[in-house]
Each structure stands twice: as structure tokens, then as C-alpha cells.
Amino acid sequence: MSDARLSVLKTYKLYVGGKFPRSESGRVYEVTDSKQNWLANAPLSSRKDARDAVVAARKAFGGWSGATAYNRGQILYRVAEMLEGRRDQYVREVAAAEGLSKSKAAEQVNAAIDRWVWYAGWTDKIAQVVGGGNPVAGPFFNLSSPEPTGVVAVLAPQESSFLGLVSVVAPVIATGNTAVVIASEKAPLPALSLGEVLATSDLPGGVVNILSGRTAEIATPLAAHQDVNAIDLAGADEALAKELEIAAADNLKRVLRPQPVDDWAAAPGTERMTAFLETKTVWHPTGSLGASGSAY
């Protein structure tokens, strides 16, 4: 009996609303490795796919933003557990996508998983760092607390297909936002595989939605969409970033312009979390106690 067999080629799909649709246009494009060898056909997302992803993200926002910070941390840690279990797959995909050796790809994947755990730990701590009590003149409590901005469109970095992706997606959802993510145009496969991990974790459908295709084609309707509250332009070049920033001004979106990143493995700080937080300040009278006029 011959040992020869046909390989089972993987069909990559979008991840929208917790499901795996093909692009509504039926289009695909070829994804190749650093030596131009064919890897897979990825969905070529359309404007309709982008709009569907926004609808899914908005539907999921209430439940996700309303969950306790501790619960969000548990769910994000569960995602890291799932990533660890599929580590070898990601090493292969990142090596092919970025032309790295197996050992270098493993370093990138390990850093990405560690990064996800790091953000999972911040979910119930960021409020203490950026919120707090404010001293005021008068018998009042004055408290500021951070709240998520809403639906965030995220243009994933073009060069760092997995570590860069995690570094821009995890901080958005850690603070209670929902995301519509445009994967790296030339290396989308690790991002599309991330959707498979998210679907089998405890993350509610619609919290993260992943699209692949031409970055400019998908980003343009997202930047102008009235139900998108913010946009991270990490994966845009200077010309596209300018165009999208102008479109985003129509409904006063928060815009995080592209920042030069020499090493995605470097300590990220809290800037990507605070970029998509609003501050709510509440005043409350303290009242008086007794004839002395002392207050609590």
C-alpha cells in the first residue's frame, strides 16, 4: 500500500461576528511567502464585509464593555492559553509570512503570546492608573474613571504579521472596546488563524472581527463609517494615513496615527490602551455632619 497522500489544503476565511464567512464578493487573492511561493488564497474583503464587521462589533460592544474588568482578563488569558496550544502552527505561519528562520519565528510567536498575557493582566488595573479621586474646592467627591470609546477600526502592521497584530488588537479589547481588524495585506494568514483561536475561546462573537484584503480598499469605508468611534492607523503608509484621518474627522473619531516601531517585542507601555479610552468624571455632594460643619 502506497504511503503517498494528497495534502489537505487549508481554506482561510474571514472572522466576523463569531463566524467564518467568505467575502460576500466571492473574491480571493494569492498569498505568497518571501520567495514568492504560493501559500494560500485569502479572502479579498469588500466594503460590504467592512460594514458587516462594524454591525457585529457594535452588537457585541454592550456586553463586552459591560463585563467586569476581571472577567475580561480571564477571557483574554484563555485566549493566550489557546495560542500556546497552537504555537507550532503559528511558528510555521510566521516563518513563511515573514521569511524568518524557525527559531526567529518562534521568538516572535513567544513574544506575541507573552504580550497577550501582559494585556490580560492590565484589564482590572488600568482604571487605577488613569482614574482616581480629584481634589476640588467644596463639599464634593470628584471621581474620574476610564470608559471604552466604542468600535475601533484597527489597521494591523504590514511587516509584523503576528506580534505586531497582537500588539495593536489586545490593548483595544482589554479596555472594553470592540474591534474591526484589517490584517496585513501581504501576510494575512496568521491573523486569519487568530480568528480560529478567538472562536474557540470564551471571547464573545463580534468583539474582534478580522478582515483580509487590500488595506486601502477596506480602510476607506471604515474611516468614514459613522458607527466607528476610533481608528488605529498602524498599518497605513503616510499617504493613506492622511486620507483616512481626513475621512475620520467627519464624526470626530479618535485617531491614532502611525508610530515608527523599531522592535514590536519592546515593552509597549500603556499608550495603546489609553488611546481608546474616554474619561468620565462624576461629582457627588459629601454632605455635612453635625454643628461643626465637618464633612465626609
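Rules and cut-offs
- Residues numbered from 1 in each chain as written.
- Predicted model: local features only at pLDDT ≥ 70, side-chain atom pairs only at ≥ 80, totals over all residues.
- Heavy atoms only, no water.
- Phe/Tyr/Trp six-rings, centres within 6.5 Å; stacked < 30°, edge-to-face > 60°.
- Buried < 20%, exposed > 50% of the residue type's maximum accessible area, 1.4 Å probe, protein only.
- Lys NZ or Arg CZ within 6 Å of the ring centre and 35° of its normal.
- Helix = DSSP H or I, 4+ residues; strand = E, 2+ residues; numbered from the N terminus.
- Contact = heavy atoms within 4.5 Å.
- Salt bridge = Lys/Arg side-chain N within 4 Å of Asp/Glu carboxyl O.

Asker: Provide a residue-level description of the packing of aromatic side chains, including the pertinent values.
Answerer: If you walk through the whole model with that rule in mind, you get 4 aromatic pairs. Their ring planes at 35 degrees and their centres at 5.2 Å tell us that Tyr15 and Phe20 sit as a pair that is tilted. On the basis of relative accessible area, Phe20 is assigned to the partly exposed category, the value being 33%. Here the aromatic cluster, defined as three or more aromatic residues joined through ring pairs, consists of Trp118, Tyr119 and Trp122. The ring of Phe61 has Arg58 lying over it, and the distance from NZ or CZ to the ring centre is 5.6 Å. A cation sits over an aromatic face here: Arg214 above Tyr29, 4.6 Å from the ring centre.

Asker: Report on helix H8 (residues 215-224), specifying residues and quantitative values.
Answerer: For H8, every residue scored as buried is listed here: Thr215, Ile218, Ala219, Pro221, Leu222 and Ala223. Buried residues along H8 sit in contact with helix H1 (47-66), strand S5 (151-155), strand S6 (178-182), strand S7 (208-211), strand S8 (230-232) and helix H9 (238-248).

Asker: Please give an account of the pattern of salt bridges that cites residues and values.
Answerer: Applying the stated criterion to the full structure yields 15 salt bridges. A salt bridge links Asp227 to Arg58; the shortest N-O distance between them is 3.1 Å. Here Arg58 lies in helix H1 and Asp227 lies in the loop between H8 and S8, a separation of 169 residues in the sequence. Across the pair Arg87 and Asp88 runs a salt bridge, and its minimum N-O distance is 3.7 Å. Given a relative accessible area of 24%, Arg87 falls into the partly exposed group. Given a relative accessible area of 52%, Asp88 falls into the exposed group. Residues participating in the shared-partner salt-bridge network are Lys10, Arg86 and Glu196.

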